[in-house]
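In case you want the letters, here they are:
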Amino acid sequence: MLWSIIVGGFIGFLAGAITNKGGAMGIIANVVAGLVGSSVGQAIFGTWGPSLAGMALIPSVLGAVIVVAVVSFFFGKKG
């Protein structure tokens, strides 16, 4: 469980860095984006590539980027 949270936080951090939204996200948001993004990415792209804590890393990062982009589109600051 703890390992999944750590890996999820790392995935969320990478997604925030890729989308340039990392500065606006906190630790909890990184973990949530990583865990939700992992589920979304593996559902869309499958479970290929290296994995940690039961999460395929490449599809998880891609899914987290999608989650961060969608959430920032709807809830991000305007202007």
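Residues numbered from 1 in each chain as written. Predicted model: local features only at pLDDT ≥ 70, side-chain atom pairs only at ≥ 80, totals over all residues. Heavy atoms only, no water.

Looking at an unreviewed UniProt entry, one finds the chain named GlsB/YeaQ/YmgE family stress response membrane protein and attributed to Veillonella parvula. Annotation of the chain in UniProt includes, under Sequence similarities (unreviewed entry), the sentence "Belongs to the UPF0410 family." The Subcellular location (unreviewed entry) field of the UniProt record for the chain holds the comment "Cell membrane". (UniProt positions renumbered as here; feature names shortened; annotations may be inferred.)

A. Structural context of the nonpolar core. Counting ten residues, the largest nonpolar core is built from Val7, Ile11, Ala15, Met25, Ala33, Met55, Leu57, Val61, Ala64 and Val68. Going through the elements one at a time, helix H1 (2–19) and helix H3 (57–75) are the ones with two or more residues in this core. For this core, the element with the highest residue contribution is H3, accounting for four residues. Once residues lying within four places of it in the same chain are set aside, the contact partners of Met25 are Gly12, Gly16, Asn30, Ala33 and Val68. (Core = buried A, V, L, I, M, F, W, Y, C linked by side-chain atoms within 4.5 Å. Buried < 20%, exposed > 50% of the residue type's maximum accessible area, 1.4 Å probe, protein only. Helix = DSSP H or I, 4+ residues; strand = E, 2+ residues; numbered from the N terminus. Contact = heavy atoms within 4.5 Å.)

B. Examining the UniProt feature "transmembrane region" (unreviewed entry) in the chain more closely. Per the UniProt record, the feature "transmembrane region" (unreviewed entry) sits at residues 52–75. Secondary structure across residues 52–75 divides into 79% helix and 12% strand, with the first and last C-alpha atoms of the span separated by 30 Å.

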